[in-house]
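# What the coordinates show
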Amino acid sequence: MKAELTQKFLETYNHEVTSSYFTPGRVNLIGEHIDYNGGLVMPCAVTMGTWLVMAPNSDKVLRFKSLNFPEETAIELKKQYTKTGSEWFNYPLGVFNELLKDHEIPTGLDMLFYGNVPIGSGLSSSASIEVIMAYALNDYFNMGLEKIQIPLLAQKVENEFIGVNCGIMDQFAVAFGEAHKAIVLNCDTLKYKIVDCELGDYNLAIVNTNKPRKLAESKYNERVSECQEALSNLNTEIKLHNLCELNYEKFVLHSHLIKDETVLKRATHVVKENDRVNLAAKALNSGALEEFGRLMYASHQSLKDLYEVTGAELDTVVDFCRDYDHVIGARMTGAGFGGCAIALLKKGMEEDFSKQLTDYYVKRIGYPVDIYISEIGNGASAI
Ligand code: GLA
């Protein structure tokens, strides 16, 4: 990909590339909607991702072009920027805006992006482009940011510039992922372990429901505020920084403080999901894949019934998997409201799975899924 993009850069800008970067997308194995509640999550980077090639220019202009979108822009190098419209280049522009608060950017840049993470599919195409921009600027201008500051800055861009109150999971996974490994990340302390992701006779299949994620951002922010409401209800009696400080056993001692039925359901999911990740980490560590798969199904059920972020398309995929002999666990991954599910699929069954699931899904939903057999890849790097 790098060679092709480098050639395109030359054709587009009439000068040579000086630096090239790659960042992946991610899937989350388990631990959904708990990163912004200080929970434990278990994401890994995938081999699909974002590429950026760039070179300085002498006219103090930032030029953003992508092979994925017709929209492009050239913006004068300033001290600050605001989001305009919903075009893709707002993500990297937000990174410039954030970095310019504390760092000088001495030259303009010509940039060409390309990504093969399906957009809006819940595989973190936005975290991938935010992190690549932060990684590239830090590297190119020797800004001296530590590795952990890159995902934190990218998250800030998503929260403040883009307006989605996401947690740290996606940006962290994209920056810190390692091939064949999962990350067990405590989103409260940011302590993490890189663990082997040995799936034995199984592959990780990613199933894209191809459902357009309309209104997903406002529904996401609504869930975040429901969790904040639960926390402040609980804090009338106890002192917590976040919901995941309680396990389910302790939570039920105080849950009467949450009077709103919907808010109670949300908080119950959060606390139980965090308990499940603890169990899942142990199961993965001891090679108990069937137990891991069982926890994946339980996670999906909770996201359906208590957190209400799945929808007919994701449920149809997971329903199929439950009855399909060669899958031992499946669940939605990411924010939900459409997007992707993941499944632990017996090696060798890819073609059969794809055919049968597609038939089943088309009959019920009216259009096909896309299926990718995923490799776990590396995090952000210069290439
Ligand atoms: C999105 C957000 C993450 C996380 C997941 C749900 O991917 O960006 O921070 O909250 O949803 O687990």
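Located above this text is the structure these notes cover.
## Quick notes on the sheet that holds strand β2 (residues 40–41)
Taken together, the 3 strands give an open sheet; going across it, the order is β2-β7-β8, and neighbouring strands pair in antiparallel fashion. Only two strands of the sheet have a single neighbouring strand rather than two, namely β2 and β8 (192–196). Relative to β8, strand β7 (residues 181–186) runs antiparallel, the two sharing 5 bridges. From the neighbouring strand, Val184 faces β8, where its bridge partner is Lys193.

## Structural notes on the site of the ligand
For the ligand, the full set of nearby residues is Arg26, Glu32, His33, Asp35, Tyr36, Cys166, Gly167, Met169, Asp170, Tyr220, Gly334 and Ala335. Within the backbone of His33, an N or O atom sits 2.7 Å from an oxygen atom of the ligand. With respect to the ligand, the side chain of Tyr220 contributes an N or O atom lying 2.6 Å from an oxygen atom. Its free accessible area being 310 Å², the ligand has 93% of it covered by the protein chains. Residue classes in the shell around the ligand are distributed as 5 nonpolar, 3 polar and 4 charged. Looking at which domains feed residues into the shell around the ligand, each of domain 1 (2–196) and domain 2 (202–374) supplies at least three.

## Notes on the state of the cysteines
This structure, assessed with the given rule, holds 0 disulfides. A disulfide-free cysteine, Cys187 has its sulfur positioned 8.5 Å from the sulfur of Cys244, the nearest such atom. Given the relative accessible area of 11%, Cys187 is considered buried. Given a relative accessible area of 11%, Cys244 falls into the buried group.

## Some thoughts on the pairing of strand β3 (residues 43–57)
Buried residues dominate β3, accounting for 13 of its 15 residues. The pairing of strand β1 (residues 19–28) with β3 spans 9 bridges and is classified as antiparallel. Each bridged residue has a counterpart across the sheet, and for Val27 the counterpart in β3 is Cys44. Bridge count for β3 against strand β6 (residues 108–115) is 8 bridges, and the pairing is antiparallel. Across the sheet, the residue bridging to Thr50 is Gly115, located in β6.

About the thresholds
Per chain, residue numbering runs from 1 following the sequence as it is written. With pLDDT at 70 or above as the cut-off, local features in this predicted model cover only qualifying residues; side-chain atom pairs require 80 or more to be listed or tallied, and sums for whole chains, interfaces and linings still use all residues. Note: side-chain values were computed over all heavy atoms of the structure, leaving out hydrogens and water. Note on pairing: two strands pair once DSSP finds at least 2 bridges between them. Secondary structure elements are taken from DSSP: a helix is a run of H or I of four residues or more, a strand is a run of E of two residues or more, and numbering for both begins at the N terminus. Throughout, near means a residue has at least one heavy atom within 4 Å of the molecule or strand. Nitrogen and oxygen atoms within 3.5 Å of one another constitute a polar contact, given that in protein one can donate a hydrogen and the other can accept it, and given that sequence-neighbouring residues count only through two side-chain atoms. Each accessible area is a Shrake-Rupley estimate made with a 1.4 Å probe; only the visible protein chains count as cover when residues are assessed. Residues are grouped as follows: Ala, Val, Leu, Ile, Met, Phe, Trp, Tyr, Cys and Pro are nonpolar; Asp, Glu, Lys and Arg are charged; every other residue, Gly included, is polar. What marks off one domain from the next here is an automatic or database domain assignment. The definition used for a disulfide is geometric: two cysteine sulfur atoms within 2.5 Å. The cut-offs for exposure are 20% and 50% of the maximum accessible area for each residue type, with area from a 1.4 Å probe on protein chains only; residues under the lower value are buried, those over the upper are exposed, and the others partly exposed.

By themselves, these observations are geometric and do not establish any function.
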